[in-house]
Amino acid sequence: MTIWWRRHRSWLTPALLLAPGLLLFLVIIVASSIETFLISFFEWDGIGPKTWIGLGNYIELLEDPQFYTSLKNNLIWLMMFLLAPPAGLAIALLVNQKIAGMRLAKSLFFMPLVLAAVTVGVIFNWFYDPTFGLLAIIFNALGATAPALLSDEHLVTFAVIIAALWPQIAFCLVLFLAGLNNLDEDLIGAGRVDGARGWNMLRHVVLPQLTQVAFIAIAITLVGALRSFDLISVMTAGGPFGSSTVLAYQMYEQSIFSYRFGYGAAIATVLFLIMAVFIAWYLRGLIKAEKGT
């Protein structure tokens, strides 16, 4: 046994170390995803027997106006969340300067990253309150009336996304700060010798070295936009009249509150397919980046 172990320990040791995590991944992620896909072909209340309806849930989904509202909101989340990487880069370039007080500024910008999504939602609920919130105080000081953003079906999605951007920008800030701390000093020195300063230094020397970090920031930001749920649940519960609902929240609402687990599973499957496209794009870009290096 000892001789056999010595012969094969080069692959047995990492296999044994990876086995617990791989087992959890297969049971919790892969098996659950397959089970969800199978449930989407049934009418099921989560308790009683399942009734096979084939593609019935998907056909109903295509005829459901709320599905298209949720899909539209997800697209709005995607477009607005793309503001997070450039904003995070700009702040990272600012706080990376060796200026007195920048450590305090870094701490303030990092703060949203360590806050729970529920906490962020509660803070912005207070901020948006049209009677006594901070937004109301600002508008009252200007002699105007604050809008009830979370009650306006045309503005509520944008209000929630702004709240979500606060911690997302902080996340991108951390990524870009890590990238800035790993810049090649030789390239920067060569750029200075060639007379590169300011914008030219940033464009031709710094940014090319941050392409991989930027790619990771954009990919994670896009996936985060698609799986948005927490803030919607805390701030609006999908209202008013379902106008702020996204696919993840609609899935939750149909499954938990309407006892339509089959229909919720169909929504989850569609969301998974959309996310799979972005994940495939991310992996393709990651492989290209690895080959390029």
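As shown above, the structure is provided for reference.
Summarised in this report is the structure supplied together with it. For clarity, every value in this text was computed on a predicted model and none was experimentally measured. (Residues numbered from 1 in each chain as written. Predicted model: local features only at pLDDT ≥ 70, side-chain atom pairs only at ≥ 80, totals over all residues. Heavy atoms only, no water.)

1. Digging into the overall build of the protein chain
Argument step 1. On a plain count of helices and strands, the protein chain comes out with 14 helices and 2 strands.
Argument step 2. In summary, the protein chain has a C-alpha radius of gyration of 24 Å against a globular reference of 19 Å for 293 residues, an excess of more than 25%.
Argument step 3. Overall, the protein chain is about 85 × 75 × 30 Å in size when its C-alpha atoms are taken along their principal axes.
Argument step 4. Out of the 293 residues belonging to the protein chain, those deemed buried represent 37%.
Argument step 5. A distance of 19 Å separates the average location of the 16 positive side-chain charges in the protein chain from that of its 16 negative side-chain charges. (Helix = DSSP H or I, 4+ residues; strand = E, 2+ residues; numbered from the N terminus. Rg over C-alpha atoms; globule rule 2.2 N^0.38 Å. Buried < 20%, exposed > 50% of the residue type's maximum accessible area, 1.4 Å probe, protein only. Lys, Arg positive; Asp, Glu negative; His and termini not counted. Charge placed at Lys NZ, Arg CZ, Asp CG, Glu CD.)

2. A short note on the packing of helix 3 (residues 65–81) against helix 11 (residues 211–226)
Between two packed helices, what matters for the description is the angle formed by their axes and the separation of those axes.
Argument step 1. For the pair helix 3 and helix 11, the least separation of the axes is 8 Å and the interaxial angle reads 150 degrees. Taken together, helix 3 and helix 11 sit at an angle that is classed as roughly antiparallel. For the pair helix 3 and helix 11, the sense of crossing is right-handed. Contact residues: helix 3 offers Asn74, Trp77, Leu78 and Phe81, while helix 11 offers Thr221, Leu222, Gly224, Ala225 and Leu226.
Argument step 2. For the contact of helix 3 with helix 11, the per-class residue count stands at 6 nonpolar, 3 polar and no charged. (Axes fitted to C-alpha atoms, helices over the stretch in contact; angles between N-to-C directions. Parallel < 35°, antiparallel > 145°, perpendicular 65-115°, else oblique. Left-handed = near helix turned anticlockwise from the far one by under 90°. Contact = heavy atoms within 4.5 Å. Nonpolar A, V, L, I, M, F, W, Y, C, P; charged D, E, K, R; others polar.)

3. What about the packing of helix 4 (residues 84–95) against helix 5 (residues 102–114)?
Argument step 1. With their axes 10 Å apart at the nearest point, helix 4 and helix 5 run at an angle of 155 degrees to one another. Relative to helix 5, the element helix 4 lies roughly antiparallel. On helix 5, the residues that touch Ile91, Leu94 and Val95 of helix 4 are Met102, Ala105, Lys106 and Phe109.

4. A look at the packing of aromatic side chains
Argument step 1. Using the criterion set out here, one finds 16 aromatic pairs in the structure.
Argument step 2. Seen in terms of ring centroids, Phe124 and Trp166 are 5.7 Å apart; in terms of plane orientation they differ by 65 degrees. Their pairing is edge-to-face. Of the two residues, Phe124 sits in helix 6 (residues 117–128) while Trp166 sits in helix 8 (residues 156–181), which places them 42 residues apart along the sequence.
Argument step 3. Classification of Phe124 by relative accessible area gives buried; the value is 12%.
Argument step 4. Residue class for Trp166 comes out partly exposed when judged on its relative accessible area of 31%.
Argument step 5. Three or more aromatic residues joined by ring pairs make a cluster, and in this case those are Phe37, Phe41, Phe42, Trp52 and Tyr58.
Argument step 6. Its guanidinium or amino end placed over the ring of Trp44, Lys50 lies 4.5 Å from that ring's centre, counting from NZ or CZ.
Argument step 7. Lying over the aromatic face of Tyr263, Arg260 brings its terminal NZ or CZ to 4.4 Å of the ring centre. (Phe/Tyr/Trp six-rings, centres within 6.5 Å; stacked < 30°, edge-to-face > 60°. Lys NZ or Arg CZ within 6 Å of the ring centre and 35° of its normal.)

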